[in-house]
Amino acid sequence: MIGERLVQRVSATRGFAQVAPHVIPALDRAVHRLSGGRMLLSDRMLPGVILTSTGARSGQPRRTPLACMPSGDGWFLVGSNFGRAGHPAWTYNLLHRPDAEISWKGRDIQVTARLLDGPEREDAWQQLLEFWPPYAAYQKRVDRQIRIFSLTRR
């Protein structure tokens, strides 16, 4: 697992946080489109989905490639924003309009998102840190509490 540890170390750096948001989503969208919705480039590091949410202000569909952690019959999404200061836009969209869709392994699935808080959030956070340790470095770099959403099928 040397390769996985190396990827985790690199992804926890500030340099990664500056470059990745401009490169990884674009590559994920392209691979997703070319594979007919079956693959994401970032799947090599973490499981991923394409989230289609409704813009909080615009009302327009917004497609965002995201890492996820499968959990039972649902998924956790982490609003880490690669450890950058602000909450990612998709989290605002889900707070205002929690009904969304994900593309998961070539299937489109209707979901409802729920922001976790309190003990439920803490339990999910511990699971997420075991799943992807760089989340701890992301949280240390920011003053905000990283948002965690639970997605369930509709």
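Above this note sits the structure.
Bear in mind that the values here come from a model prediction, so they are computed numbers and not experimental data.

**Overview of the side chain of Asn 81**
Residue position: Asn 81 is located in the loop between β4 (74-79) and α3 (89-96). Using a relative accessible area of 15% as the deciding quantity, one classes Asn 81 as buried. Side-chain polar atoms of Asn 81 contact the backbone oxygen of Gly 86, separated by 2.8 Å. Apart from the residues within four sequence positions on either side, Asn 81 is in contact with Gly 86, His 87, Pro 88 and Arg 144.

**Section: the pattern of salt bridges**
Under the definition given, this model contains two salt bridges. Of the charged contacts in the structure, one is a salt bridge between Arg 154 and Asp 99, with a shortest N-O distance of 3.6 Å. Within this pair, whereas Arg 154 is found in the segment after β7 (147-153), its partner Asp 99 is found in strand β5 (residues 99-104), the two being separated by 55 residues in sequence. Across the salt bridge formed by Glu 120 and Arg 114, the nearest N and O atoms sit 2.8 Å from each other. Judged by its relative accessible area of 39%, Glu 120 is partly exposed. Here Arg 114 falls in the partly exposed class, since its relative accessible area comes to 41%.

**Examining the environment of Gln 126**
For Gln 126, the position within the fold is in helix α4 (residues 118-131). What makes Gln 126 partly exposed here is its relative accessible area of 38%. Gln 126 sits 20 residues away from Gly 106 along the chain, and the two C-alpha atoms are 29 Å apart.

**With respect to the packing of aromatic side chains**
Summed over all chains, the structure comprises four aromatic pairs. When the ring of Trp 125 is compared with that of Tyr 135, the centres are 6.3 Å apart and the planes differ by 40 degrees; the resulting orientation is tilted. Of the two residues, Trp 125 is situated in helix α4 and Tyr 135 in helix α5 (residues 134-141); the sequence distance between them amounts to 10 residues. Classification of Trp 125 as buried rests on a relative accessible area of 9%. Across the ring face of Trp 125, the terminal group of Arg 121 is positioned such that the distance to the ring centre comes to 5.1 Å. We note Arg 147 situated over the ring of Tyr 92; from NZ or CZ to the ring centre the distance is 4.8 Å.

**Some details on the nonpolar core**
Membership of the largest hydrophobic core comes to 17 residues, with the highest contact counts inside it found for Phe 76, Leu 128, Tyr 135 and Ile 148. With sequence-adjacent residues up to four places away left out, Tyr 135 is seen in contact with Leu 46, Ala 67, Val 78, Ser 80, Trp 125, Leu 128, Leu 129 and Ile 146. Leu 66, Trp 75, Ile 109 and Leu 151 belong to the second-largest nonpolar core, a separate cluster that totals 16 residues.

**Here we look at α4**
Given a rise of 1.5 Å per residue, 14 residues ought to cover 20 Å, and the 20 Å separating the end C-alpha atoms of α4 matches this to within 8%. Among the residues of α4, Arg 121, Ala 124, Trp 125 and Leu 128 are the ones counted as buried. All buried residues of α4 project into a common sector of 105 degrees when viewed along the axis, lining one side. Seen from the buried face of α4, the exposed residues on the opposite side, beyond 90 degrees, are Pro 119 and Glu 130. Close packing links the buried residues of α4 with β3 (69-71), β4, α5 and β7.

Rules used throughout
- Residues numbered from 1 in each chain as written.
- Predicted model: local features only at pLDDT ≥ 70, side-chain atom pairs only at ≥ 80, totals over all residues.
- Heavy atoms only, no water.
- Helix = DSSP H or I, 4+ residues; strand = E, 2+ residues; numbered from the N terminus.
- Buried < 20%, exposed > 50% of the residue type's maximum accessible area, 1.4 Å probe, protein only.
- Polar contact = N/O pair within 3.5 Å; in protein donor to acceptor, adjacent residues only side chain to side chain.
- Contact = heavy atoms within 4.5 Å.
- Salt bridge = Lys/Arg side-chain N within 4 Å of Asp/Glu carboxyl O.
- Phe/Tyr/Trp six-rings, centres within 6.5 Å; stacked < 30°, edge-to-face > 60°.
- Lys NZ or Arg CZ within 6 Å of the ring centre and 35° of its normal.
- Core = buried A, V, L, I, M, F, W, Y, C linked by side-chain atoms within 4.5 Å.
- Expected span 1.5 Å × (residues − 1).
- Arc of directions from axis to C-beta.

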